[in-house]
Amino acid sequence: MEFSIITEPASAWSADAVVFFAFKDADEYLPGFSSWMASDADWVAGSPALGDFSGELDNSSVIYGSGSSVQRVLLVGLGEEKDFSVDKFLQAVSTALRKCRELKFRTVGVPLVAFEGIPLEDKLEHFVVAAIEGLYSFDEFKSKKDEKKGLPETIRFLTEDEPPAHLAEMLLKGQAVGQGMGYARDLVNLPPNVANPVYLADEAKKLAKQYGFKFKAMKRKEIIDKGMGAFASVFRGSNDEPRMITLEYCPKDREGQKPLVLVGKGVTFDTGGISLKPTGFIEDMKCDMGGAAAILGFFRAIGTIKPDLPVVGILPCADNMPDASATRPGEVVTSFSGKTIEILNTDAEGRLLLCDALAYSAQFEPAAIIDLATLTGGCIVAFGWDVAAVMDNSALMQNLVIESGTRVGERFWPMPLWDIYKEELKSEVADLKNIGSREGMTIHAGMFLKEFVPEDVPWAHLDIAGPAWRKKKTPAGSAGGTGFGVRTLVEIAERIDLEDM
């Protein structure tokens with residue numbers, strides 16, 4: 001799908017349909033729609049289809065024209081204005097584009113005046129991201145492809161006046177972010193016999209070659225030789241080779257500056273190991289590398305956006321399988337930090353990869369660290385499928401994550417890491433247990449990770465177990481991986497001041 005900004009008189013606008021928006025039960029239409037009808041499309045006001053429109057979120061009406069270069073108007077509901085938010089706009093745009101695909105439109109016009117009166121910043125960027133995301137589908141392994149998948153082919157942003165220069169930058173960013181999210185979704189949706197740790201390493205290597213990142217992937221022997229006993233305990237039962245992937249991005253004038261380090265859980269399939277998951281919970285566990293996928297999607301996006309700070313991605317990737325070599329509950333391992341861990345539940349494996357990756361991150365002298373992980377089912381119990389948890393050692397990091405997520409329609413809510421929770425992690429035979437009690441399990445996981453964060457480094461842990469995966473198709477998009485986290489990370493990379501950390 002191609003995007004462009006076209007400057008020409010409204011009388012010359014050409015498209016299979018032009019898209020406008022309206023709020024529910026508003027006394028007046030949005031000003032851009034009203035002025036366009038009055039000056040260039042009086043036939044719209046007289047159409048019976050306009051009376052069929054309710055303005056409800058996900059409601060749309062197609063108004064057919066006559067003798068005009070604009071053949072149709074697609075009017076899309078935004079819901080109640082008092083309830084309006086970024087995610088409602090994203091959903092409305094997705095609805096609009098899916099309707100365009102359903103009707104087999106090839107060229108869609110979006111007058112820039114259509115955004116007038118919508119109380120939101122960066123509307124063009126949000127539109128582009130939502131258009132890409134709303135039309136996303138994954139049919140790589142289907143023998144019969146959707147004949148409509150390539151539609152619409154073109155989206156034209158239409159304006160009579162010369163657009164501000166920043167709109168071109170916004171358009172470029174929206175495409176980069178949307179494509180990064182789609183890439184992350186593809187990685188999560190690929191079956192585990194394809195997207196194994198070696199595959200993810202190969203993908204990271206391709207990104208490095210395309211965008212000039214530094215790349216490294218440690219193999220099984222090097223991981224073990226470096227003393228990453230916690231990480232190694234996860235892949236002991238798997239035939240698939242593990243990888244510890246690192247990607248490094250640095251603008252030319254930022255060499256020597258301490259980087260933002262991103263750590264992503266990359267369990268490409270999680271059986272639970274010897275602590276085997278039951279039927280009903282195991283089938284979707286190809287999604288357990290959603291944190292690593294989000295970071296790869298982020299790197300794909302910044303390859304185009306080029307934010308002005310150094311970033312390092314660390315992705316510990318492995319399968320968690322239950323063969324005769326697999327780690328047994330009750331075993332004790334030594335982590336990269338030197339701390340010993342009593343593994344009481346092999347299904348609490350994500351924190352074992354992450355703790356070695358967090359400790360390893362010290363070699364990059366990070367200014368700040370963010371880790372992303374589909375870590376605990378308890379997070380879904382607490383927040384449902386649409387909200388992620390944030391735990392941290394820094395109010396600055398917490399606020400940055402929540403505010404950045406809010407700006408792009410990704411919701412985070414804080415959980416405490418008070419010292420009273422450390423009691424649950426004390427072991428009789430080792431420094432730590434890898435699980436606490438069922439009550440407070442998500443916090444115990446965060447508290448465990450906190451023990452391995454390099455000293456005096458601001459850090460935030462994002463448990464994205466719910467929003468990283470969509471169990472079924474919803475108005476927000478198709479089932480499967482969602483790419484959650486990519487937009488927040490891009491927003492953070494543009495907002496964070498590493499010198500203030």
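Only a predicted model underlies this, so the values are computations on that prediction, with no experimental measurement involved.

A.B. asks: Looking at this structure, I do not really get the overall build of the chain. What am I missing?
C.D. replies: In terms of regular secondary structure, the chain is built from 15 helices and 20 strands. Relative to the globule expectation of 23 Å for 501 residues, the C-alpha radius of gyration of the chain, 24 Å, shows essentially globular dimensions. Overall, the C-alpha framework of the chain stretches about 80 × 50 × 40 Å when taken along its three principal axes. On the chain, roughly 20700 Å² of surface is accessible, and the fraction owed to carbon and sulfur atoms is 48%.

A.B. asks: Honestly, the packing of helix α6 (residues 166–189) against helix α15 (residues 486–495) in this entry has me stumped. Any pointers?
C.D. replies: The axes of two packed helices give the description: the angle between them and the distance between them. It is the contact of α6 with α15, at a shortest axis distance of 9 Å, that shows an interaxial angle of 135°. What the angle tells us is that α6 and α15 run oblique. In this structure, α6 meets α15 at a crossing whose hand is right-handed. Together, K173, V177, G180, M181 and A184 of α6 and V486, R487, V490, E491 and E494 of α15 make up the contact between the two elements.

A.B. asks: Please explain the pattern of salt bridges as it appears in this structure.
C.D. replies: Where charged atoms from two side chains of opposite charge come close, those side chains can pair. Evaluated as defined, the whole model comprises 31 salt bridges. The salt bridge involving D225 is made with K221; its shortest N-O contact spans 2.6 Å. On the criterion of helical spacing, the pair formed by D225 and K221 is a turn pair, its members being 4 residues apart in helix α8 (residues 220–225). For K221, a relative accessible area of 61% gives the class exposed. One salt bridge in this structure joins E451 and K422, with 3.7 Å as the shortest N-O distance. Taken as a pair, E451 in the loop between α14 (441–450) and β18 (459–463) and K422 in the loop between β16 (411–414) and β17 (432–433) lie far apart in primary sequence, 29 residues in all. Residue E451 is classed as partly exposed on the basis of its relative accessible area, which comes to 24%. Members of the salt-bridge network, linked through shared partners, are E121, D122, E125, K173, R407, R487, E491 and E494.

Rules used in this analysis
- Residues numbered from 1 in each chain as written.
- Predicted model: local features only at pLDDT ≥ 70, side-chain atom pairs only at ≥ 80, totals over all residues.
- Heavy atoms only, no water.
- Helix = DSSP H or I, 4+ residues; strand = E, 2+ residues; numbered from the N terminus.
- Rg over C-alpha atoms; globule rule 2.2 N^0.38 Å.
- Areas by Shrake-Rupley, 256 points an atom, 1.4 Å probe, with all protein chains shown as cover.
- Axes fitted to C-alpha atoms, helices over the stretch in contact; angles between N-to-C directions.
- Parallel < 35°, antiparallel > 145°, perpendicular 65-115°, else oblique.
- Left-handed = near helix turned anticlockwise from the far one by under 90°.
- Contact = heavy atoms within 4.5 Å.
- Salt bridge = Lys/Arg side-chain N within 4 Å of Asp/Glu carboxyl O.
- Buried < 20%, exposed > 50% of the residue type's maximum accessible area, 1.4 Å probe, protein only.

Limitation: the analysis is restricted to geometry and does not speak to function.
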